[in-house]
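# An overview of the molecular structure
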Amino acid sequence: MTPPKDTLAWMYEKMVASRHFEEEIETIYMEGKTPVFNMANGPIPGEMHLSNGQEPVAVGVCAHLNPEDVVTATHRPHHQAIAKGVNLKKMAAEIFGKATGLSGGRGGHMHIFDADVNFACSGIIAQGMGPAAGAALSRKLQGKPGVAISFIGEGAANQGAFHETLNLAAVWKLPMVIVIEDNAWGISVAKETSTAIQCNADRAAAYGIPGHYIPGNDPLKIYEVAGEAIERARNGEGPTLIEIETYRLAGHFMGDAEGYRPEGEKDALFAKDPIPNLRQLLVAEHGFADAELDAIEAKARGEVDEAIAFARQSPDPKPEDALTAVFA
Amino acid sequence: MENERKLTIARAMAEATAQEMRIDPRVFVMGEDIADLGGVFGNTRGLAEEFGKERVRDTPISETGFIGAAVGAAQDGMRPVVELMFVDFFGVCFDAIYNLMAKNTYFSGGKFNVPMVLMTSTGGGYSDAGQHSQCLYGSFAHLPGMKVVSPSNAYDAKGLMTAAIRDPNPVIYMYHKGLQGMGWLGTEKGAIVHVPEEAYEVEIGKAKIAREGRDVTIVSIAQGVHHGLKAAKVLAEQGISAEVVDLRSLVPLDRDTIRASVAKTGRLIVVDEDYHSFGVSGEIIATVTESNLADLKAPPRRIAYPDVPIPFARVMEQHCLPNADKIVATARALCQAPILA
Ligand SMILES: Cc1ncc(C[n+]2csc(CCOP(=O)(O)OP(=O)(O)O)c2C)c(N)n1
């Protein structure tokens, strides 16, 4: 199932937007952090987990979603948020900790919440799983349309919440898709040192649900497999587990020296960068003209630049606002 | 003293662990990113190189599994040192900690011991938001059956780690990220102090007078001690003599040292980066008011984290955190307050 041309254009646009967003964040994050790197300094303090290289997963899955569908994300949420349609300006402002941010600066980059498009996060590994299942259950109980997607990393597949929630989703036949982004690393620990089997998708068998592994960080293949799983969920046939090979082109977080990576790994990954690859493919096989793609890129970048400028110019929250919004 | 060897808390913790591993084959270490990476916060650096990956084990992200496993190994004669990377993650594994680790000695009538150390990082101040910045001292100290320590400097860090590993009981070893001496988290210089090469213990359950004074007692732990010391310096210039008590241990709590200090000064300020209500600060104040009410010249005060989740934005987080300025203002108010009748 090849995506229609406008979907292909959308996927490319969101991948470019996502990458450009991360590159801007990366640059701004370093402001005030040189020559001495101290996480507390600069316009964007705290931890920063970039999604460079993992864009295919986000667009391949979210191409099938509407605003009413639910997504739960992780500590590495920007690409998914952009593909889900989270308000880019407010998200940028949140990452800067500004009053105009999605949560008025309370959440920051690991806690992106946008109720308008049903997007939520947790920085605790695998803890998006339960809430996604709960949202799926709620839709089922209310007879309302919508599926829930829980994005997690491959490291999260060794967490209790992963297994408990898979069983729950399977037993209750919830309209849910669990998407594992296998970027091969959980901080410094390689997948093969932490995980007893090669492929987490095989764990679906333990819960009697379909499991698919998608190699190659290939947005079109992801689009196809995710489409079938989401269709299945929408039709009331229950959850699916999908594991996707993807590439973490950045460190675990900004400031990570990445000494644990085998030599040459990064270069090999950069050679497989999915964005130029998709561009080539769109020209070679899908009838896109270079000018068309240039225009898409310009639009994507423009929107990101606008969002970043908005974030920069926005005011800080009032210090005492910290004490508000604890309860409804 | 300029040529004295000074260490960061991170290095002091690793040194103590290595020294115990050399003399005690039962000691082994496990946790996330503790082998090749040497711990996200540096406190296991060098251990994997020296002792190999049988004894220094990177775990999957399976806290409830490996902390539970540490309990079992400890009961079976080993001395596990395990790491929960951020204390905030206790939510996914607390049963292993407070229902197993902390209770099995009691349940078994002392037939099973659980000699293990659970190291975990605490604290904020660097905009890591509400799932990566908490202290949760009170949450752990509240539950019986486990000792709880937290050093403010490298000397205590080494001695407490040695004592914790040798202790026949489970010890929660909370280290504050802002004191680790990892440059990327900022560096509290006061935490980097002389550390003797040889192994030694700092007794668990013994507080230390970090600075002597007459007019007001500032009680705190870990990062709060440094706020207290900075405040005491400023107060001294203003003619107020502050005594700073570094608790070092929360369980057992050295109530005698606290009471003796307040008996001398008559005024008490508790500085706690943990949440305000139902926590350490209330416990310290109760410790004094239950027995020494007559010693108090003014009502005790606490400077703690307000009862809200920790926000990301710098201005909001800094507004909430204890700091030296808040302590100075509070101490001045206390010392100028009329003496209680
Ligand atoms: C319960 C829990 N344990 C540990 C952590 C610390 N931690 C943050 S990210 C991470 C690695 C996650 O690996 P993976 O799930 O593969 O996601 P990736 O970082 O590769 O996107 C760890 C261990 C956490 N946030 N929550």
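Conventions adopted
Residues numbered from 1 in each chain as written. Chains lettered and ligands numbered in written order. Predicted model: local features only at pLDDT ≥ 70, side-chain atom pairs only at ≥ 80, totals over all residues. Heavy atoms only, no water. Near = heavy atom within 4 Å. Polar contact = N/O pair within 3.5 Å; in protein donor to acceptor, adjacent residues only side chain to side chain. Nonpolar A, V, L, I, M, F, W, Y, C, P; charged D, E, K, R; others polar. Salt bridge = Lys/Arg side-chain N within 4 Å of Asp/Glu carboxyl O. Helix = DSSP H or I, 4+ residues; strand = E, 2+ residues; numbered from the N terminus. Buried < 20%, exposed > 50% of the residue type's maximum accessible area, 1.4 Å probe, protein only. Expected span 1.5 Å × (residues − 1). Right-handed = clockwise from strand over helix to strand, strands pointing away. Pairing = 2+ DSSP bridges. Phe/Tyr/Trp six-rings, centres within 6.5 Å; stacked < 30°, edge-to-face > 60°. Lys NZ or Arg CZ within 6 Å of the ring centre and 35° of its normal.

Here we come to the site of the ligand. Near the ligand there are 20 residues, and of these H75, R76, N183 and W185 of chain A together with E63 of chain B occur at the shortest range. Those residues lying near the ligand are distributed over chains A and B. A distance of 2.9 Å separates a nitrogen atom of the ligand from a polar atom in the backbone of G123 of chain A. Contacts to the ligand include E154 of chain A, whose side-chain N or O atom sits 3.1 Å from an oxygen atom. A breakdown of the residues in the shell around the ligand according to their chemical character gives nine nonpolar, seven polar and four charged.

Across all of its chains, the model carries 34 salt bridges over all chains by this definition. As a salt-bridge pair, E31 of chain A and R312 of chain A come within 2.6 Å of each other at their nearest N and O atoms. Highlighted residues: E31 of chain A in the loop between α1 (5-30) and α2 (55-62) and R312 of chain A in helix α11 (residues 290-313), separated in sequence by 281 residues. The exposure class assigned to R312 of chain A is partly exposed, which follows from its relative accessible area of 39%. Where R166 of chain B meets E201 of chain B, a salt bridge forms, and the shortest distance between an N and an O atom there is 3.0 Å. Taken together, the residues span a long stretch of sequence, with R166 of chain B in helix α7 (residues 154-166) and E201 of chain B in the loop between β8 (193-194) and β9 (208-211) at a distance of 35 residues.

So, on to helix α1 (residues 9-23) of chain B. Residues and elements named next belong to chain B. Counted at 1.5 Å a residue, the expected span for α1 with its 15 residues is 21 Å, and the 22 Å between its end C-alpha atoms agrees. With respect to burial, α1 is a largely interior element, 12 of its 15 residues being buried. For α1, every residue scored as buried is listed here: I9, A10, A12, M13, A14, E15, A16, T17, A18, Q19, E20 and M21.

Attention shifts here to unusual backbone geometry. Cis geometry is adopted by the peptide bond preceding P35 of chain A, which originates at T34 of chain A and carries an omega value of -5 degrees. Secondary-structure assignment places P35 of chain A in the loop between α1 and α2. With an omega dihedral of -5 degrees, the bond running from V251 of chain B to P252 of chain B counts as a cis peptide bond. With respect to the helices, strands and loops of the structure, P252 of chain B is situated in the loop between β12 (249-251) and α9 (255-265). Positive phi values are uncommon outside glycine, yet A126 of chain A reaches one of about 75 degrees. You can see A126 of chain A is positioned in the loop between β2 (119-121) and α5 (129-142).

Residues and elements named next belong to chain A. Along strand β4 (residues 176-182), seven of the seven residues are buried, which leaves the element largely enclosed by surrounding structure. Neither face of β4 is left uncovered, since the one carrying M176, I178, I180 and D182 and the one carrying V177, V179 and E181 both have all their residues buried. In this view, the connection linking strand β3 (residues 148-153) to its parallel neighbour β4 by way of helix α6 (residues 160-171) has right-handed handedness. Note that β4 and strand β8 (residues 240-245) share six bridges and pair parallel. Bridging across to β8, I178 finds its partner in L241.

The final tally for this structure, using the stated rule, is 13 aromatic pairs over all chains. Plain terms: the ring middles of F86 of chain B and F89 of chain B are 5.1 Å apart, the flat faces sit at 40 degrees to each other, and that makes the pair tilted. Each member of the pair, F86 of chain B as well as F89 of chain B, is classed as buried. By way of ring pairs, the aromatic residues F253 of chain A together with F41, F86, F89, Y175 and W184 of chain B are connected into one cluster. Geometry around F288 of chain A places K5 of chain A over its ring, the cationic atom sitting 4.5 Å from the centre.

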